Each structure stands twice: as structure tokens, then as C-alpha cells.
Amino acid sequence: MQVYNSEALINDLLLHATEIENTVKSLNKRIKDAPMGSLRILKKRKSYQYYQRVRAYDNSGRYIAAKDRDLAAKLAQKDYDQKLLAVLKEQKKTIEQFLKDFDPDAARQVYEKLKEPRKQLVKSEFLSDEEFIERWQNTPYTRLGFGKKDPEFYTTRGERVRSKSEILIADALLRNNIPYRYEYPVTHDGVIFAAPDFNCLNVRLRKDYYWEHLGMMGKEDYAERNVSKIDKYVLADDFDIKSLILTMETEAHPLNTKVIEEMIRRYLI
């Protein structure tokens, strides 16, 4: 178990609990607005008859005529809503109890609590953030390279990139301590189909994101090529499109540095 991350699990559970809470509110409102009583359904030969039971001791109920079939539907919906409400409340209670009891650091702390002489003899099952970053950062890959006529742009850490906007992005990543790899290739069925400008690591989630900056969207041929590139990302089965960060600019609308910082805050921290 080299990768240890419970953050995504906790976030998913919190999101699910919020969705349940919203659904519960909606169900409560619908139940409050529903007709009084419950629905009794009686099969008679090849058809069904519907009855509204308003009082608990009323076993038979009032017959619902065919012209009032909407009433039967509302009572059936009410019954379904009440059963669903009970299940959802129990699910939310279970999630809350799990989050209360679950210690995301417990497994990692088994090694951390060992005395130093034992640590020297034991190999931890989990990588520390530093070890994980080092392994991620040192994964070998082949860069695209530059042509003789390509302009030279360099980031603060001395890495050559292809534009001034890429300098802004790279320096913002460095400033926010976001590990990144420049033009790291992505594959589909084992074949490289793109090399996004930046491959970034969200250390907290231990998740890869790919950052494409489309810097000349005002030029028709450039825009056409990049629309095709985005299509490839979407259609690649082994690429998570939700991991793709996109920024763009035209001559009239240059890259906004606030957008860069917001993308970093939203996806990478």
C-alpha cells in the first residue's frame, strides 16, 4: 500500500451527506404538502381499486374514483417519500458516525509511534508526503524539446517553457509549493496522444492534474487544433477529464493572474 489517502473518501462522504440533507429537506416539504392519510390498493379481478385511509383505525378507507386518480398518485408518492426519508436519515446517521469514529491518520501513525531504533529496522507501508513527491517528481520521461527558432522563455527555477504565460503559471505553481512536471505525456491504450503544458500534483489528495494553457485562441487555425485536442482528452477512456485544468487567452484578453491563483486554489491545494 504505497499510496495512502483517505481525504478523497472523507470528501466524498461529506458531499454525499450534504446531498442527503438537501434531499431530506425536499422530501419533508413534499410530505407536508401531500394529501392526508395513506393509500390502500385492492386488486379486483384484472384491475385495481384505490382507497384513501385518513384515520389509522380505518381499514377500508374512502374509495377514490377514476376521475380522482391524481389523488391516488399523490398518496402513493407520499408513501414512497416517507420510506425513502427513513432510509436516507439512517444513511446520514451512519455516515456521521463513521466520520466521528474514523481516524484517517491511524494507520500511518503505527509507524510514526515506533521508537527510532525500531523505525530503522522497519519499512513503513506508507510513503510520507516528501517520499511521495520525490518519487512522483523523479519519474523519468522524455520531453518534447525545442526547435532552433523557438523563442526562449525561462521560469524562476530556470526551466525553459514556450511562452510568457507559461512562465506566469509555472512561477505561481512554484510559489504555492505545487509539484509539477513540464509537458509530461499522457497516453491512451499505451500510446502518447498529448503532452499538456503542466502535470501538477495535488499533494493533499495525491492526485494528478493536467494543465493546458491555450494561448492563441484568437487565431482560427490554433483554436481548431486545440478543439480537436480537447476532444481527444474527452474520448480517451483512460484519461480522467475531471483532472484537466484549462486556461486560455487571446491578444485582446491576456491571461489573468487571478485566474491562475484561483485554479491553483480550487484544484491543487
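The text that follows walks through the structure, step by step, so that each part is easy to find. Every chain is numbered on its own, with residues counted from 1 as its sequence reads. The predicted nature of this model means local features are confined to residues of pLDDT at least 70 and side-chain atom pairs, given and counted, to a pLDDT of 80 or more, with totals for whole chains, interfaces and linings taken over all residues. The side-chain numbers reported here are obtained from all heavy atoms of the structure, hydrogens and water having been left aside.

A few points about the pairing of strand S1 (residues 38–44)
Okay, step 1: Following DSSP output, two strands are said to pair if at least two bridges run between them. Helix numbering and strand numbering both begin at the N terminus, where a helix is a DSSP run of H or I of at least 4 residues and a strand a DSSP run of E of at least 2. Judged from the 7 bridges that link them, S1 and strand S2 (residues 47–53) form a sheet pairing that is antiparallel. Residue Leu42 lies in a different strand from S2, and its bridge partner there is Gln49.

Some words on helix H7 (residues 220–235)
Okay, step 1: Here H7 is 16 residues long and its end C-alpha atoms lie 23 Å apart, about the 22 Å a rise of 1.5 Å per residue gives.
Okay, step 2: Note on contacts: a residue pair qualifies if any of its non-hydrogen atoms lie within 4.5 Å across the two residues. Residues of H7 that are buried make contact with strand S7 (186–188), strand S8 (191–194), strand S10 (207–214) and strand S11 (244–248). Expected helix span is computed as 1.5 Å times (number of residues minus one).

Details of the sheet that holds strand S6 (residues 180–182)
Okay, step 1: In spatial order, the strands read S6-S9-S10-S11; together these 4 strands make up an open sheet with mixed pairing. In this open sheet, the two edge strands, each paired with only one partner strand, are S6 and S11. With direction set aside, neighbouring strand axes in the sheet form an average angle of 20°.
Okay, step 2: Sheet topology places strand S9 (residues 198–202) next to S10; 5 bridges connect them, and they run antiparallel. Of the residues in S10, the one forming a bridge with Asn199 is Tyr210. Geometry is summarised by axes, namely lines fitted to C-alpha atoms with helices restricted to the contacting stretch, and by angles between N-to-C directions that run from 0 to 180 degrees.

Overview of the side chain of Asp171
Okay, step 1: When you line up the elements, Asp171 lands in helix H6 (residues 164–175).
Okay, step 2: With sequence-adjacent residues up to four places away left out, Asp171 is seen in contact with Thr155 and Thr156.

So, unusual backbone geometry
Okay, step 1: One non-glycine residue, Arg45, lies in positive phi territory at about 60°.
Okay, step 2: In this fold, Arg45 is placed in the loop between S1 and S2.
Okay, step 3: The exposure class assigned to Arg45 is exposed, which follows from its relative accessible area of 80%.
Okay, step 4: Although it is not a glycine, Arg206 adopts a positive phi angle of roughly 55°.
Okay, step 5: Position of Arg206 relative to the elements: it lies in the loop between S9 and S10.
Okay, step 6: For Arg206, a relative accessible area of 10% corresponds to the buried category. For every residue, the accessible area (1.4 Å probe, protein chains only) is compared with the maximum for its type, and the residue is labelled buried under 20%, exposed over 50%, or partly exposed between those bounds.

Thoughts on the nonpolar core
Okay, step 1: One finds Leu173, Phe198, Cys200, Trp211, Ile264 and Leu268 to be the most contacted residues of the largest nonpolar core, which totals 21 residues.
Okay, step 2: Secondary-structure elements contributing two or more residues to this core are H6, S6, S9, S10 and helix H8 (257–268).
Okay, step 3: In terms of residue count, the dominant contributor to this core is H6 (5 residues).
Okay, step 4: Not counting residues within four places of it along the chain, the set of residues in contact with Cys200 comprises Trp136, Leu173, Ile178, Pro179, Tyr180, Lys207, Asp208, Tyr209, Trp211 and Leu268.
Okay, step 5: Throughout, nonpolar core names a set of buried Ala, Val, Leu, Ile, Met, Phe, Trp, Tyr and Cys residues whose side chains join them through atoms within 4.5 Å. With 9 residues, the next largest nonpolar core counts Tyr184, Val186, Ala194 and Tyr233 among its residues.

Description of the layout of surface pockets
Okay, step 1: The computed volume of the largest pocket comes to approximately 520 Å³.
Okay, step 2: Using a grid of 1 Å spacing that covers the protein atoms alone, one calls a set of points a cavity when a 1.4 Å probe fits there but cannot get out, and a pocket when the set is open and has protein on both sides within 12 Å along at least five of seven lines; lining residues are those with an atom within 4 Å of a point. Around the largest pocket sit 21 residues that line it, and Glu166, His213, Gly215, Met216 and Tyr222 are the ones nearest its centre.
Okay, step 3: Only H6, S10 and H7 provide two or more residues apiece to the lining of the largest pocket.
Okay, step 4: Considering each element in turn, the lining of the largest pocket owes the most residues, 4 residues, to H7.
Okay, step 5: Think of it as three bins: nonpolar holds Ala, Val, Leu, Ile, Met, Phe, Trp, Tyr, Cys and Pro, charged holds Asp, Glu, Lys and Arg, and polar takes everything else, Gly as well. Grouping the constituent residues of the lining of the largest pocket by class yields 5 nonpolar, 5 polar and 11 charged. Grid points are joined across faces, edges and corners, and a volume is the space filled by probe spheres set on the points.

Digging into a nonpolar patch on the surface
Okay, step 1: Without a salt bridge and with relative accessible area above 30%, a residue can belong to a patch; like charges are then joined within 9 Å and nonpolar side chains (Val, Leu, Ile, Met, Phe, Trp, Tyr) within 5 Å. Where accessible areas are quoted, they stem from the Shrake-Rupley method and a 1.4 Å probe; at the residue level, only the protein chains shown are allowed to cover. Salt bridge criterion: a side-chain nitrogen from Lys or Arg within 4 Å of a carboxyl oxygen from Asp or Glu. A contiguous nonpolar surface patch, about 290 Å² in accessible area, is contributed by Val234, Leu235 and Ile241.
Okay, step 2: Overall, the relative accessible area of 65% leaves Leu235 in the exposed class.

With respect to the packing of aromatic side chains
Okay, step 1: Any two of the Phe, Tyr and Trp rings considered here, Trp counted by its six-membered ring, make a pair once their centres fall within 6.5 Å; the pair's planes then place it as stacked at under 30 degrees, edge-to-face at over 60, or tilted in between. All told, the structure shown has 10 aromatic pairs when counted by the stated rule.
Okay, step 2: When the centroid spacing of 5.6 Å and the interplanar angle of 65° are considered together, the rings of Tyr51 and Tyr63 count as edge-to-face. With Tyr51 in strand S2 and Tyr63 in strand S3 (residues 62–64), this residue pair connects regions lying 12 residues apart in the sequence.
Okay, step 3: On the basis of relative accessible area, Tyr51 is assigned to the buried category, the value being 13%.

Interpretation in functional terms is not warranted from these geometric data alone.
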